[in-house]
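# Close look at the chain arrangement
If you want the building blocks of each chain, they are given just below.
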Amino acid sequence: MSARVKEELKTEVEKLKQSGKTTGLAVVLVGDDPASKVYVRNKEKACEELGIYSEMHRLPETTTEEELLALVDRLNSDENIDGILVQLPLPEHLDDSVIINNIRPDKDVDAFHPVNVGKIMIGDYDFLPCTPAGIMELIHESGVSVDGKECVVIGRSNIVGKPMSMLLLHENGTVTTCHSHTQNLSGVTSRADILVAAVGIAKFVKADMVKPGAVVIDVGMDRDENGKLCGDVDFDEVEPVAGAITPVPGGVGPMTIAMLMRNTVTASKKHKK
Ligand code: GUN
């Protein structure tokens, strides 16, 4: 599915180029978080595949707020750049929201700026955050209807859990958002027709937490006891119970990147006008 989305976008990027509009994405990575480095490299590769001009800004862990804001400012006014993505989490001494609030909303391809978050809440948006958007695409392309379904999201982060719940609600799901204070979690998750796990704990979702036939979507990027990449769902246990399930790696991750590319192309088209 991600390959198909990227293929479509490649054609659009080419068309824009022929009409004199290049498409550009700037990615900013501060410090050397190993997972973030991998994500950023994958974003760079996707840009190359699609013919999108990309700029990778790899800054040292010691970068100050002033320095980072100066870079964001420069990218905000750079006509070659349609999208700006500052990889999260930032090092402790930097405040995510100060940085995000300074990205121009029309270049905010993560849809993390309060203006874009507000637009999503209302249902009138330009960009959707990449991971929830990728999950909706997976659901649609699999022929699953959200309308009237019991949807349960485990996790309430600004990046995934909260916007995910909102998108499911927009499609008339009956949505429950679970978190660390939720009582009787497995009682809640067992009701779900569509279950999204975005909790960040390896193999957290077990077979007895899943309703037979449920659609199970795994957002986790965790390490198991042997240091091997795995998701928030115990895949081997849950796969026989689920009606459909996404693997880790190779499920939500590639869709997230494809949606980032889509947001960048959307921004480019807007800037062309
Ligand atoms: N860290 C984990 N996921 C994301 C994402 O989608 N965007 C950014 N900027 N940082 C992240």
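Please read these numbers as outputs of a predicted model, since none were measured by experiment.

Next up on the list: the site of the ligand. Near the ligand the following residues occur: L85, V86, Q87, L88, D110 and F112. A distance of 2.9 Å is found between a nitrogen atom of the ligand and a backbone nitrogen or oxygen belonging to V86. Between the ligand and the protein, one listed contact pairs a nitrogen atom with a side-chain N or O atom of D110 at 2.6 Å. Summarising the interface, the protein chains cover 84% of the accessible area of the ligand, which totals 280 Å² for the free molecule.

All right, on to the environment of T182 then. Tracing the backbone shows T182 in the loop between β5 (174-178) and α8 (185-189). Exposure remark for T182: the relative accessible area of 22% places this residue in the partly exposed category. In the structure, T182 is positioned 28 residues away from I154 in sequence and 9.5 Å away in space, judged by C-alpha atoms. If we ignore the near neighbours within four places in the chain, the residues touching T182 are T177 and V188. In terms of polar contacts, T182 uses its side chain to reach the backbone amide nitrogen of H179, at 2.8 Å.

Time to look at the pairing of strand β3 (residues 83-86). Going residue by residue along β3, you find G83 and L85 tucked away on one face and I84 and V86 tucked away on the opposite face as well. One ladder, built from 4 bridges, connects strand β1 (residues 24-30) with β3; its direction is parallel. Paired with L25 across the strands is G83, a residue of β3.

Attention now goes to unusual backbone geometry. Here the bond from L88 into P89 is cis, since omega is 0°, no more than 30 degrees from zero. Cis geometry is adopted by the peptide bond preceding P249, which originates at V248 and carries an omega value of 0°. Tracing the chain through its elements places P249 in the loop between β10 (244-245) and α10 (252-272). Residues other than glycine seldom take positive phi values, yet N184 does so here, at roughly 50°. Residue position: N184 is located in the loop between β5 and α8. Given a relative accessible area of 56%, N184 falls into the exposed group.

For helix α1 (residues 2-18), built from 17 residues, the straight-helix expectation of 24 Å at 1.5 Å per residue is met to within 8% by its first-to-last C-alpha distance of 24 Å. Those residues of α1 that fall on the buried side of the exposure criterion are S2, V5, K6, L9, V13 and L16. In an axial view of α1, the angular spread of the buried residues amounts to 90°, which keeps them on one side of the axis. Projecting away from the buried face of α1 at angles above 90 degrees are the exposed residues A3, K15 and Q18. Structurally, α1 contributes buried residues whose contacts are with α2 (34-50), α6 (130-141) and α10.

Taking strand neighbours across the sheet as the criterion, the 5 strands line up as β5-β4-β6-β7-β10 in an open arrangement whose pairing is parallel. Two strands close off the open sheet at either side, each with one partner strand: β5 and β10. With 4 bridges connecting them, strand β6 (residues 194-197) and strand β7 (residues 215-218) associate as parallel partners. Counted as the bridge partner of V196 is I217 from β7.

It is worth spelling out the sheet that holds β1 at this point. Strand order in the open sheet formed by 3 strands is β2-β1-β3, and the pairing between neighbours is parallel. In this open sheet, the two edge strands, each paired with only one partner strand, are β2 (53-59) and β3. Sheet twist, expressed as the mean angle between neighbouring strand axes with direction ignored, is 15°. Sheet topology note: the β1/β2 ladder contains 7 bridges and is parallel. Looking at the pairing, L25 lines up with S54 of β2. Docked against the sheet, α2 engages β1, β2 and β3, running at close to 160° with respect to β2.

Below, the discussion takes up the side chain of D218. Looking at the element boundaries, D218 is found in strand β7. K203 is the oppositely charged side chain nearest to the buried, salt-bridge-free D218, at an N-O distance of 10.0 Å. Polar side-chain contacts of D218 include one of 3.0 Å to the backbone nitrogen of G220. A polar contact is formed between the side chain of D218 and the backbone nitrogen of D232, at a distance of 2.8 Å.

Below, the discussion takes up the pattern of salt bridges. In total, this model carries 12 salt bridges according to the counting rule given. The closest approach of N and O atoms between K6 and E49, which form a salt bridge, is 3.4 Å. Within this pair, whereas K6 is found in helix α1, its partner E49 is found in helix α2, the two being separated by 43 residues in sequence. Notably, a salt bridge pairs D106 with R104, separated by 2.6 Å at the nearest N-O pair. On the basis of relative accessibility, which here comes to 30%, the residue D106 falls in the partly exposed class. Connected through salt bridges with shared partners, the residues K119, D126 and K270 form a single ionic network.

About the criteria used
- Residues numbered from 1 in each chain as written.
- Predicted model: local features only at pLDDT ≥ 70, side-chain atom pairs only at ≥ 80, totals over all residues.
- Heavy atoms only, no water.
- Near = heavy atom within 4 Å.
- Polar contact = N/O pair within 3.5 Å; in protein donor to acceptor, adjacent residues only side chain to side chain.
- Areas by Shrake-Rupley, 256 points an atom, 1.4 Å probe, with all protein chains shown as cover.
- Helix = DSSP H or I, 4+ residues; strand = E, 2+ residues; numbered from the N terminus.
- Buried < 20%, exposed > 50% of the residue type's maximum accessible area, 1.4 Å probe, protein only.
- Contact = heavy atoms within 4.5 Å.
- Pairing = 2+ DSSP bridges.
- Expected span 1.5 Å × (residues − 1).
- Arc of directions from axis to C-beta.
- Axes fitted to C-alpha atoms, helices over the stretch in contact; angles between N-to-C directions.
- Lys, Arg positive; Asp, Glu negative; His and termini not counted.
- Salt bridge = Lys/Arg side-chain N within 4 Å of Asp/Glu carboxyl O.

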